[in-house]
Every structure is written in C-alpha cells, then in structure tokens.
Amino acid sequence: MKTTNIYPTIWSTTYYTPSVMVGRYGAHTKEAELILKNEMARSLNVSEMALNITKFSAIDEHGNEHFIIDFPGQNPVTLKGIASGNFIRSKSVLSLPEGRYKTIRFYVAGWGNQFIYKDGIEESANSFDRLDFTIEDGFTIEQDNVHEVKLWFDFAPYQWKRHFKPLTDLFMGSKSQKPRLANSFGN
C-alpha cells in the first residue's frame, strides 16, 4: 500500500498579508495616508526620532498655520520610518478647516529629544523648538472625505550591520563618530 502525504497549508492564506488585512479592515474605515518628509533628516540619515512634542499644527497652501492639538506634559513620542512599518494614526487632523495643506509642524520641548541614525548611533537633539515635515503631494480636507489619517515618516532605513556594532567595538575599539549636526538642525 502506498502512502500519500498531503500538505494542506499550501492552500491556506497567511493571516497578516496585506491582501487579507485590506479585505478585513479596509471596508470599514476611510483613511488617508500621508507621507511626511524632512529633507534635512533624510540627508543626515536619521532612522528614528524621539521627540518631546508639545503641540503640532498644519500649514495650508496660503501659509496659514492651524493648530491641531496640544500635548501638555507629553513624554517623548517615537517616530520611525516607513521601512519599520510604524505610523501614527490621528483623528484630530480632520478637525482642521477645509482646504489644502502642505506641511505638518511639530513643536518640541527643549529636553528629551533624540535622533537615532541608520547605523544605530544615538544623539541628543534639544537645540531646536520646531520641526517641519512636508506632506508628499499635499493633503486636501473636504467634508466627510475621510475618518482617520495615518502619518508615515520618510526616514532612512536602518543598516543591518548596526546590530554587530557592540561586537566590532569590542574587538576593534570604538570608532565613534563626531556629532552629526543634530544640534544645529532646526527650521
């Protein structure tokens, strides 16, 4: 008698693939996804920011600033790049008046701010009071257009070799770099 092996998992779908998640959650919510860019952060190869945000606002195409929300006594918020898969979801952005917006501005406290570069080096960045992010292709708010907004940050992805830095420092000695202009970074 001959035995035949059957592998039923060949025909099953993975639960967290994008196509399955869109089918499950996509029909229930209307979301807008905004990609926020900061050229200075991209040129410095920043992969992550921990910012002590006090308030944030949106700037429309006419240059008018509209405050969205204040964060009294806020602890640092970690902003990671698109490659990490992390984003910030907000319903308060939709409280803005109707119009076209081009920039999101974060106001930060003078303490607790930190940049983490793509090679894993961390640096304090407390010398600026605000940080502007350009919205890719702009964003238009219309009545009953969307219910939520996802904020994605376009940062440099981490290097895989950053995980081996403690080991290489042990054998070769630390080759720490000089500060990378984070304290002169501002708008």
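The paragraphs below set out a description of the structure included in this document.

The rules we used
- Residues numbered from 1 in each chain as written.
- Predicted model: local features only at pLDDT ≥ 70, side-chain atom pairs only at ≥ 80, totals over all residues.
- Heavy atoms only, no water.
- Pairing = 2+ DSSP bridges.
- Helix = DSSP H or I, 4+ residues; strand = E, 2+ residues; numbered from the N terminus.
- Axes fitted to C-alpha atoms, helices over the stretch in contact; angles between N-to-C directions.
- Phe/Tyr/Trp six-rings, centres within 6.5 Å; stacked < 30°, edge-to-face > 60°.
- Lys NZ or Arg CZ within 6 Å of the ring centre and 35° of its normal.
- Buried < 20%, exposed > 50% of the residue type's maximum accessible area, 1.4 Å probe, protein only.
- Polar contact = N/O pair within 3.5 Å; in protein donor to acceptor, adjacent residues only side chain to side chain.
- Contact = heavy atoms within 4.5 Å.
- Core = buried A, V, L, I, M, F, W, Y, C linked by side-chain atoms within 4.5 Å.
- Salt bridge = Lys/Arg side-chain N within 4 Å of Asp/Glu carboxyl O.

1. A look at the sheet that holds strand E9 (residues 122-124)
Then, number 1: If you walk across this open sheet you meet the four strands as E5-E2-E8-E9, and the pairing is antiparallel. Only two strands of the sheet have a single neighbouring strand rather than two, namely strand E5 (77-80) and E9. Neighbour-to-neighbour, the strand axes of this sheet turn through a mean angle of 20°, independent of strand direction.
Then, number 2: Sheet topology places strand E8 (residues 114-117) next to E9; three bridges connect them, and they run antiparallel. Bridge pairing in E9 places glutamine 114 opposite serine 124.

2. Here we look at the packing of aromatic side chains
Then, number 1: Under the defined criterion, the tally for this structure stands at nine aromatic pairs.
Then, number 2: Among the aromatic residues, those joined into a cluster by ring pairs are Phe56, Phe106, Phe133, Phe153 and Phe155.
Then, number 3: The lysine or arginine in question, lysine 55, covers the ring of tyrosine 107, its NZ or CZ lying 5.2 Å from the ring centre.
Then, number 4: Looking at lysine 150, its charged tip hangs above the ring of phenylalanine 87, at a distance of 4.6 Å from the centre.

3. Some points on the side chain of serine 57
Then, number 1: Within the element layout of this structure, serine 57 appears in strand E3 (residues 53-60).
Then, number 2: Since its relative accessible area comes to 0%, serine 57 is described here as buried.
Then, number 3: Reaching out from serine 57, the side chain makes a polar contact with the side chain of glutamate 65 at a distance of 2.7 Å.
Then, number 4: When near neighbours in sequence (up to four residues on either side) are disregarded, serine 57 contacts Glu65, His66, Phe67, Ile68, Thr103, Ile104, Arg105 and Tyr107.

4. Examining the pairing of strand E1 (residues 31-37)
Then, number 1: Here E1 shows a buried face lined by Ala32, Leu34 and Leu36 and an unburied face lined by Glu31, Glu33, Ile35 and Lys37.
Then, number 2: With six bridges joining them, E1 and strand E11 (residues 148-153) adopt parallel strand pairing. Residue pairing across strands places glutamate 33 opposite lysine 150, the latter belonging to E11.
Then, number 3: With two bridges joining them, E1 and strand E10 (residues 130-141) adopt antiparallel strand pairing. What sits directly across from leucine 36, in E10, is isoleucine 135.

5. Comments concerning the environment of alanine 109
Then, number 1: Mapped onto the fold, alanine 109 is located in the loop between strand E7 (99-108) and E8.
Then, number 2: In sequence terms alanine 109 and asparagine 126 are 17 residues apart; their C-alpha atoms lie 7.7 Å from each other.
Then, number 3: Setting aside its immediate chain neighbours within four residues, alanine 109 contacts Asn52, Thr54 and Phe128.

6. Some details on the nonpolar core
Then, number 1: Counting residues in each nonpolar core, the largest one holds 33 residues, and the members touching the most others are Leu36, Met49, Leu51, Phe115, Phe133, Phe139 and Phe153.
Then, number 2: Of all the elements in the fold, those that place two or more residues in this core are E1, strand E2 (46-51), E3, E7, E8, E10 and E11.
Then, number 3: In terms of residue count, E10 provides more of this core than any other element does, five residues in total.

7. Structural notes on the pattern of salt bridges
A side chain with one charge can pair with a side chain of the opposite charge if their charged atoms come near.
Then, number 1: This model, assessed by the stated rule, comprises eight salt bridges.
Then, number 2: Residues glutamate 31 and arginine 89 are paired through a salt bridge, measuring 3.5 Å at the closest nitrogen-oxygen approach. Linking glutamate 31 in strand E1 with arginine 89 in strand E6 (residues 88-90), this pair joins segments that are 58 residues apart in sequence.
Then, number 3: When its relative accessible area of 28% is taken as the criterion, glutamate 31 is described as partly exposed.
Then, number 4: Salt bridges linked by common partners bring Glu31, Glu33, Arg89, Glu148 and Lys150 together as one network.

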